[in-house]
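The primary structure of each chain is shown beneath.
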Amino acid sequence: MFLYKELYNKMNVEARFKLRVKMIEDYNQGKTISQISREYGVSRNTLRKWIKRYKEKGEEGLKELSRKPHNSPKRTPKEIQEKILEIRRRTNWGRKRIALKLKLNEWTVRNVLRQNGIRKKRKERKGFFPAFWSWEIEEPFSHAQVDTKDILDKATLGTELYQKFSLLKLPRYQWTFCESISRFRFLSYSYRLNQENGFLFVGLVMMWLRCWGIDKEVFWQEDWGEEFGGNNPYKLKLLNERWYKIYGAVLGKAPKGRKGYQGRVERSHKTDDEEFYIPLIPTFKNCSHFLKEAQKWQIYYNTKRPHFGYGMNNLTPLEKLKSLGLTHLNENFANFPVIILDYYAPDYCHLMAGNDVLTQYN
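Just so you know, these numbers come straight off a predicted model, no measurement behind them.

Conventions and cut-offs
- Residue numbers here run from 1 along each chain, matching the order of that chain's written sequence.
- Per-residue local features of the predicted model are confined to residues with pLDDT of at least 70, and side-chain atom pairs are confined, for both listing and counting, to 80 or more; whole-chain, interface and lining totals are unaffected and use all residues.
- As a convention, hydrogens and water are excluded, and side-chain values are obtained from all of the structure's heavy atoms.
- Elements are defined by DSSP. Helices are runs of H or I of four residues or more, strands are runs of E of two residues or more, and each kind is numbered from the N terminus.
- As defined in this context, the radius of gyration uses C-alpha atoms, and a globule is described by 2.2 Å times the residue total to the power 0.38.
- Each residue's exposure class comes from its accessible area (1.4 Å probe, protein chains only) as a fraction of the maximum for that residue type: buried when under 20%, exposed when over 50%, partly exposed otherwise.
- Per-residue and other accessible areas follow the Shrake-Rupley method at a 1.4 Å probe size, with only the shown protein chains counted as cover for residues.
- Charge assignment in this entry is limited to Lys and Arg as positive and Asp and Glu as negative, and neither His nor the chain termini are counted.
- Here the site of a charge means atom NZ of a Lys, CZ of an Arg, CG of an Asp or CD of a Glu.
- Any carboxyl oxygen of Asp or Glu within 4 Å of a side-chain nitrogen of Lys or Arg constitutes a salt bridge here.
- Contact between two residues is taken to exist if any of their heavy atoms lie within 4.5 Å; hydrogens are not considered.
- Residues with no salt bridge and a relative accessible area higher than 30% make up the patches, which join like charges within 9 Å and nonpolar side chains (Val, Leu, Ile, Met, Phe, Trp, Tyr) within 5 Å.
- Polar contact is the term for a pair of N or O atoms within 3.5 Å; when the atoms are in protein, one must be able to donate a hydrogen and the other to accept it, and sequence-neighboring residues count only if both atoms are side-chain atoms.
- Strand pairing follows a simple DSSP-based rule, namely that at least 2 bridges must link the two strands.
- To obtain each axis, a line is fitted to C-alpha atoms, and for helices this fit is confined to the stretch in contact; angles are then taken between N-to-C directions over 0 to 180 degrees.
- Convention used here: angles under 35 degrees read as roughly parallel, angles over 145 as roughly antiparallel, angles from 65 to 115 as roughly perpendicular, and any remaining angle as oblique.
- Under the grouping applied here, Gly and all other residues not named as nonpolar or charged are polar, the nonpolar ones being Ala, Val, Leu, Ile, Met, Phe, Trp, Tyr, Cys and Pro and the charged ones Asp, Glu, Lys and Arg.
- Here a cavity is any set of points on a 1 Å grid over the protein atoms alone where a 1.4 Å probe fits but cannot get out, and a pocket is any open set with protein on both sides within 12 Å along at least 5 of 7 lines; a residue lines the site when it has an atom within 4 Å of a point.
- Grid points are joined across faces, edges and corners, and a volume is the space filled by probe spheres set on the points.
- Any two of the Phe, Tyr and Trp rings considered here, Trp counted by its six-membered ring, make a pair once their centres fall within 6.5 Å; the pair's planes then place it as stacked at under 30 degrees, edge-to-face at over 60, or tilted in between.
- Charge-over-ring contacts are defined here by two conditions on Lys NZ or Arg CZ: a distance within 6 Å of the ring centre and an angle within 35 degrees of the ring normal.
- One less than the residue count of a helix, multiplied by 1.5 Å, gives the span that helix is expected to have.

Asks: Before we move on, could you go through the overall build of the protein and cite the residues and values that matter?
Replies: Broken down by element type, the protein carries 16 helices and five strands. Taken against the 2.2 N^0.38 rule, which gives 21 Å for 362 residues, the C-alpha radius of gyration of the protein at 32 Å runs more than 25% over that of a compact globule. Projected onto its principal axes, the C-alpha positions of the protein cover 90 × 60 × 45 Å. Within the protein, buried positions represent 44% of all 362 residues. If you sum the accessible surface of the protein, you get close to 21,500 Å²; carbon and sulfur atoms cover 50% of it. Between the centroid of the 67 positive side chains of the protein and the centroid of its 41 negative side chains there is a distance of 10 Å.

Asks: Explain the pattern of salt bridges to me, using residue names and the numbers behind them.
Replies: In total, this model carries 16 salt bridges according to the counting rule given. A salt bridge links K304 to E331, with the shortest nitrogen-to-oxygen separation between them at 3.4 Å. You can see K304 sitting in the loop between α13 (287-303) and α14 (317-323) and its partner E331 sitting in the loop between α14 and α15 (345-352), a full 27 residues away along the chain. Residue K304 is classed as partly exposed on the basis of its relative accessible area of 48%.

Asks: Residues and numbers for the environment of L152, please.
Replies: Structurally, the position occupied by L152 is in the loop between β1 (143-150) and α8 (154-157). When its relative accessible area of 15% is taken as the criterion, L152 is described as buried. Residues L152 and Y173 lie 21 residues apart in sequence; the distance between their C-alpha atoms is 8.1 Å. Beyond its immediate chain neighbours, meaning those up to four positions away, L152 contacts L157, Y162, F165, S166 and R172.

Asks: An account of a nonpolar patch on the surface is needed here, citing residue identities and associated values.
Replies: Side chains of Y191, Y343 and Y344 sit close together on the surface and give an oily, nonpolar patch of about 330 Å² of accessible area. For Y343, the position within the fold is in the loop between α14 and α15.

Asks: Before we move on, could you go through the environment of Q195 and cite the residues and values that matter?
Replies: Along the polypeptide, Q195 turns up in helix α10 (residues 195-211). Each C-alpha atom, one on Q195 and one on M312, is 33 Å from the other, the two residues being 117 residues apart in sequence.

Asks: Talk me through the side chain of K149; I want residue IDs and the actual numbers.
Replies: You can see K149 is positioned in strand β1. Within polar-contact distance, the side chain of K149 engages the side chain of D273 at 2.8 Å. Dropping the residues within four chain positions of it, K149 is found in contact with R172, Y173, Q174, H269, D272, D273 and Y277.

Asks: Give a detailed account of the sheet that holds strand β3 (residues 185-190), specifying residues and quantitative values.
Replies: Taken in spatial order, the five strands make up an open sheet running β3-β2-β1-β4-β5, and their pairing is mixed. Each end of this open sheet is capped by a strand with a single partner; those strands are β3 and β5 (249-253). The mean inter-strand angle of the sheet, taken between neighbouring strand axes irrespective of direction, is 25°. Summarising the sheet, β1 and strand β4 (residues 218-222) pair through three bridges and their orientation is parallel. Counterpart to Q145 in the pairing with β4 is Q221. The strands that helix α11 (residues 233-244) touches are β4 and β5; relative to β5, the one it contacts most, it runs at about 150°.

Asks: Could you give an account of the packing of helix α5 (residues 78-91) against helix α7 (residues 106-115), naming the residues involved and the relevant values?
Replies: Running from N to C, α5 and α7 cross one another at 80°; their axes reach a closest spacing of 10 Å. Judged by the angle between their axes, α5 and α7 are roughly perpendicular. Between α5 and α7, the contacting residues are Q81, I84, L85 and R88 on the first element and V109, V112, L113 and Q115 on the second. Taken together, the residues that form the contact of α5 with α7 break down as five nonpolar, two polar and one charged.

Asks: If you had to explain the layout of surface pockets to someone new, which residues and values would you point to?
Replies: Space inside the largest pocket adds up to approximately 350 Å³. Contributing to the lining of the largest pocket are ten residues, with R95, R110, R114, R119 and K120 lying nearest its centre. Ranked by residue count, the leading element in the lining of the largest pocket is α7, at three residues. Across the lining of the largest pocket, the residue classes break down as two nonpolar, one polar and seven charged.

Asks: Run through the side chain of D272, naming residues and quoting values.
Replies: Residue placement: D272 occurs in helix α12 (residues 263-280). Since its relative accessible area comes to 0%, D272 is described here as buried. Those residues within four positions of D272 in sequence are excluded, and the remaining contacts are K149, Q174, R185, Y277 and W297.

Asks: Can you explain the packing of aromatic side chains? Please cite residues and give values.
Replies: Aromatic ring pairs are described here by two measures, namely the spacing of the ring centres and the angle between the planes. Inspection of the entire model under this criterion finds 30 aromatic pairs. Relative to F336, the ring of F186 has its centre 5.0 Å away and its plane inclined at 40°; by these criteria the two rings are tilted. Here F186 is found in strand β3, whereas its partner F336 is found in the loop between α14 and α15, with 150 residues between them in sequence. Judged by its relative accessible area of 0%, F186 falls in the buried class. Here the basic side chain of R53 rests over the ring of W50, its NZ or CZ set 5.0 Å away from the ring centre. Above the face of the Y301 ring, R185 is positioned so that its terminal group lies 4.0 Å from the ring centre.

Asks: How would you sum up helix α4 (residues 44-57)? Please name residues and give values.
Replies: In this model α4 runs 20 Å from its N-terminal to its C-terminal C-alpha over 14 residues, within 8% of the 20 Å that 1.5 Å per residue would give. After α4 finishes, the residue G58 shows a positive phi value of roughly 70°.

Following this line, the structure appears as structure tokens:
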């Protein structure tokens, strides 16, 4: 059956006209209205309407009529429209200023300008390296989702665990590097969210990868937090040249408001809460003990814990990497040193670039 209703909106004006002509031809050849209605999937009332118009005006009656209303009582008078357009051409003012000048509603001015094809040009958002979806990535360690996690979330931990974590004066922020295909992760911690700690985290992860023979360029997809450089394109370009490129890394940004681009690292943070922080915070004795447990958690997550996400097939991250050809990696690869970045970042940044470079970023 030809479904008239389903295809009607997909047709252009000419195609609709030809379809009506065909229905009228079938009618003139002796088919009944019911038969044509069933064949074309059109209602009988609609078909009667076109038959009536055909009898009155011939094929001309099968053309679509204008839907423009005969009267527009609220339409802005032509002389007012001309004044609006004349002021716009002469001054390039916006709608608010024109409305104030002519004592009109600003939305009236906006509508007149739009009807005449005059619109405010939107500023193009300056992109900073294109973002990628995880499922687009084909080579392991060519792309990573990087993010920070505020561990002290009372809604997640509850009051008791929140207070215990605070009293022990444990580092509040978790830094996470999550390889996009395998979900393999490296962790660090800090008391403060700043760019010094971020630079050290980049250096540590990239040196670890290079030590294990992973020499390809790594795209670090991060959010727009100040610890990752904020949103100034010039500053981001400078950071990329001075702190990422030297290791063969690229600083990238996930689109604002598009959390799916960082979905895998965000999901891993939920796992941290459910399987590490909530069960183990009551057992932590001090900061040293906390770091030891975090080190064990990183190893377990990467080498023992099966994953059920897209493309993982119940494999651990390490098993997934091996299935992708990185067979030289073993469990020691998951033993990336989990440290508190604040203790080492100032010396590292001073060694790499000097304090004068960092002053403008902090």
